[in-house]
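# Architecture and fold: a report
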Amino acid sequence: MARTPRRDLLAGLTVAIVALPLALGFGVSSGLGAEAGLATAVVAGALAALFGGSNLQVSGPTGAMTVVLVPIVAQYGPGGVLTVGLMAGLLLIGLALLRAGRYMKYIPAPVVEGFTLGIACIIGLQQVPNALGVAEPDDDKVLVAAWHAAGEFARTPNWTAVTLAVGVAAVMLIGARLRPAIPFSILAVIAATSAAQLFDLDGAAPIGALPSGLPAPSLAFLDLSTLGSLLAPAIAVAALAALESLLSATVADGMTVGQQHDPDKELFGQGIANLAAPLFGGVPATAAIARTAVNVRTGAGSRLAALTHAAVLAVIVFAAAPLVSKIPLAALAGVLLATAIRMVEVGALRAMARATRSDAAVLILTALATLALDLVYAVIIGLAVAGALALRAVAGQARMDRVDFRADLPAGHSDEEHALLAEHIVAYRIDGPLFFAGAHRFLLELSEVSGVRVVILRMSRVSTMDATGALVLKDAVQKLNRRGIAVLVSGVRPGQRRALESVGALDLLRRDGREYATPAEAVAGARTHLHREGLLSARPVCEGAGR
């Protein structure tokens with residue numbers, strides 16, 4: 001279908017309607033207020049669209065980023081968050097220049113799904129105080145804050161707030177099933193705001209006054225003395241922005257035909273956006289999967305749609321700030337509760353849980369770590385566990401099987417000589433990787449070989465070998481040699497030679513002339529060795545005797 005500016009303008013308008021309550025809600029949840037969310041959606045949304053690597057990406061404040069920002073606000077205040085945004089922008093630009101974007105594709109799906117599940121739980125828990133209409137507890141641990149809020153509600157119930165939050169969430173969830181193309185979030189928020197104003201509902205606390213426009217850019221918040229202590233939070237913010245943005249761009253590519261994002265350019269665009277947003281009072285930003293998906297589904301085909309989304313939000317900031325300021329906090333809590341629920345892809349979680357036990361373990365561990373720890377630590381833990389389990393699985397695929405070498409004997413050997421050779425020679429074929437995760441198992445197996453004078457190792461099916469694998473092989477050869485057992489190898493591939501040469505294993509074999517190109521040559525070498533040892537006659541038994 002041909003792309004037209006009209007379709008992009010319509011898609012941008014639709015995304016702006018969806019993004020407005022989310023921007024307000026995430027601004028409030030971050031601790032910097034609704035105006036910070038709007039400033040982020042306008043400034044970061046426009047700059048990321050201009051400089052990013054995806055034609056379809058929509059950026060702004062997100063729930064995942066809010067989760068990271070809450071403890072920073074609690075410890076360093078609003079100025080700390082804005083400083084972190086600037087530092088994160090510089091780090092993202094650095095990652096782009098280092099061309100680090102391509103490595104994000106190696107993050108396993110269970111880590112991503114567990115991370116998303118944990119974030120969804122945190123976003124939901126963050127909304128409990130506003131949904132219950134109680135004051136925000138002074139605690140940056142969401143589980144503890146939600147528990148205290150529930151206790152406060154039990155003492156002084158606020159059913160107006162609960163009704164508004166549950167009503168907005170229900171309208172969004174049910175409406176999304178019945179009519180996915182209709183922006184029920186904004187309709188529900190308008191209905192909740194109208195009800196609160198018309199009926200003068202007690203307990204429907206509004207957002208509060210908003211500035212009618214963006215503030216002038218300023219660096220007044222920047223405190224150079226805090227830069228050292230804010231480096232770790234900035235790294236966390238940059239890592240999260242990179243992860244979520246590239247994941248969102250990948251999702252957008254998968255929803256279209258012919259679109260392909262540039263990961264390094266996307267990191268650069270997000271870096272520019274995060275450098276600029278704090279200057280206007282905005283929070284750190286990232287690409288938003290939900291808003292990007294709406295953008296694609298409504299027909300966007302170019303960056304014009306994301307730019308339109310930012311422009312529409314800017315108009316709202318300048319023209320409708322008094323109306324926006326009347327939106328009840330409980331209504332925004334309902335929007336974010338519904339968003340958290342919709343973030344959880346039950347089908348994907350079920351698929352991961354059923355795939356393998358390792359995938360299920362990584363998913364659950366990452367989700368729990370996201371709830372209990374810093375988000376970046378959660379991803380690191382998930383990656384470490386996934387990597388360890390993957391190495392274990394790969395190591396388990398490696399085998400050392402005993403094979404019948406007599407098929408490689410030349411014709412003319414008698415049955416008696418076959419039997420004599422089988423008595424003194426044993427051949428093994430090694431399949432799969434020979435590396436640190438499983439190499440010592442081979443050392444144990446080889447070291448237990450007994451009752452023979454020659455061991456032939458067929459190496460042509462070894463897929464990879466590291467220094468540990470080469471050392472293990474060298475140790476096994478030396479141990480067998482000390483017991484009077486000669487070790488011959490065949491089929492050493494070029495990719496294995498460097499590792500074997502680095503530890504001296506290849507020199508050990510070459511010194512005694514025990515490396516061969518083919519299994520047949522290795523068998524001939526074994527027969528020659530047995531002849532030198534006096535265990536075999538120089539010529540085959542009964543050769544030429546009618547056979």
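In this report, the structure presented in the accompanying data block is examined. Computed from a predicted structure; not experimentally measured.

## Observations regarding the overall build of the protein
What the protein contains, in helices and strands, is 23 helices and eight strands. In terms of overall dimensions, the protein is more spread out than a globule: its C-alpha atoms have a radius of gyration of 33 Å, far above the 24 Å expected for 547 residues. Burial statistics for the protein: of 547 residues in total, 51% are counted as buried. Side chains of the protein carry 42 positive and 38 negative charges; the gap between the two charge centres is 6 Å.

## Description of the side chain of Thr40
Tracing the backbone shows Thr40 in helix H2 (residues 34-51). Separated by 2.7 Å, the side chain of Thr40 and the backbone oxygen of Ala36 make a polar contact. Here Val283 takes part through its backbone nitrogen, which lies 2.7 Å from a polar atom of the side chain of Thr40. Here Thr40 is in contact with Gly45, Gly60, Pro61, Gly282, Val283, Pro284 and Ala285, once residues within four sequence places are set aside.

## Observations concerning the side chain of Ser29
Summarising the element assignment, Ser29 is placed in helix H1 (residues 5-30). You can call Ser29 buried: its relative accessible area is 15%. Of the polar contacts made by the side chain of Ser29, one reaches the side chain of Gln127; its length is 3.3 Å.

## Quick notes on the pattern of salt bridges
Per the counting criterion, the structure on display carries five salt bridges. The partner of Asp264 in a salt bridge is Arg99, with the nearest N and O atoms 3.9 Å apart. Of this pair, Asp264 sits in helix H10 (residues 263-276) while Arg99 sits in the loop between helix H3 (63-97) and helix H4 (109-126), placing them 165 residues apart in sequence. Close ionic contact of Glu152 with Arg155 constitutes a salt bridge, the shortest N to O distance being 2.9 Å. Placement of both Glu152 and Arg155 in helix H6 (residues 142-155) is noted, with a separation of three residues, approximately one turn of the helix. You can call Glu152 partly exposed: its relative accessible area is 33%. By relative accessible area, which is 61% here, Arg155 ends up exposed. Salt bridges sharing common partners tie together Arg429, Asp431 and Arg461.

## A closer look at the environment of Gly167
Tracing the sequence through the fold places Gly167 in helix H7 (residues 159-178). Residues Gly167 and Ala34, 133 residues apart in the sequence, show an inter-C-alpha distance of 21 Å.

## Considering H2
Here H2 contains 18 residues, and its C-alpha end-to-end distance of 26 Å stays within 8% of the 26 Å for a straight helix at 1.5 Å per residue. Counting buried residues in H2 gives 14 out of 18 residues, a clear majority hidden from the surface.

## Side note on the packing of H4 against helix H16 (residues 357-372)
When two helices pack together, their arrangement is captured by the angle between the axes and the distance separating the axes. The contact between H4 and H16 brings their axes to 7 Å, and the two run at 35 degrees. Crossing handedness for the pair H4 and H16: right-handed. Taken together, the residues of H16 that come into contact with H4 (itself represented by Pro110, Val111, Glu113, Gly114, Phe115, Leu117, Gly118, Ile119, Cys121, Ile122 and Leu125) are Asp359, Val362, Leu363, Thr366, Ala367, Thr370 and Leu371. Its residues assigned to classes, the contact of H4 with H16 comprises twelve nonpolar, four polar and two charged.

## What to know about the packing of H4 against H6
With their axes 9 Å apart at the nearest point, H4 and H6 run at an angle of 30 degrees to one another. Taken as a pair, H4 and H6 cross one another with a handedness that is left-handed. Only Val142, Leu143 and Ala146 of H6 make contact with H4, whose side of the interface consists of Ile122, Leu125 and Gln126. A breakdown of the residues in the contact of H4 with H6 according to their chemical character gives five nonpolar, one polar and no charged.

## Some details on the nonpolar core
One finds Leu24, Val237, Leu313, Ile327 and Leu375 to be the most contacted residues of the largest nonpolar core, which totals 86 residues. When residues of this core are assigned to their parent elements, the largest contribution, 15 residues, is made by H3. Setting aside anything within four residues of it in sequence, one finds Leu24 in contact with Ala34, Leu38, Ile207, Val324, Ile327 and Leu332. Ala398, Val449, Leu457 and Val462 belong to the second largest nonpolar core, which has 31 residues in total.

Reading the values: rules and limits
Residues numbered from 1 in each chain as written. Predicted model: local features only at pLDDT ≥ 70, side-chain atom pairs only at ≥ 80, totals over all residues. Heavy atoms only, no water. Helix = DSSP H or I, 4+ residues; strand = E, 2+ residues; numbered from the N terminus. Rg over C-alpha atoms; globule rule 2.2 N^0.38 Å. Buried < 20%, exposed > 50% of the residue type's maximum accessible area, 1.4 Å probe, protein only. Lys, Arg positive; Asp, Glu negative; His and termini not counted. Charge placed at Lys NZ, Arg CZ, Asp CG, Glu CD. Polar contact = N/O pair within 3.5 Å; in protein donor to acceptor, adjacent residues only side chain to side chain. Contact = heavy atoms within 4.5 Å. Salt bridge = Lys/Arg side-chain N within 4 Å of Asp/Glu carboxyl O. Expected span 1.5 Å × (residues − 1). Axes fitted to C-alpha atoms, helices over the stretch in contact; angles between N-to-C directions. Left-handed = near helix turned anticlockwise from the far one by under 90°. Nonpolar A, V, L, I, M, F, W, Y, C, P; charged D, E, K, R; others polar. Core = buried A, V, L, I, M, F, W, Y, C linked by side-chain atoms within 4.5 Å.

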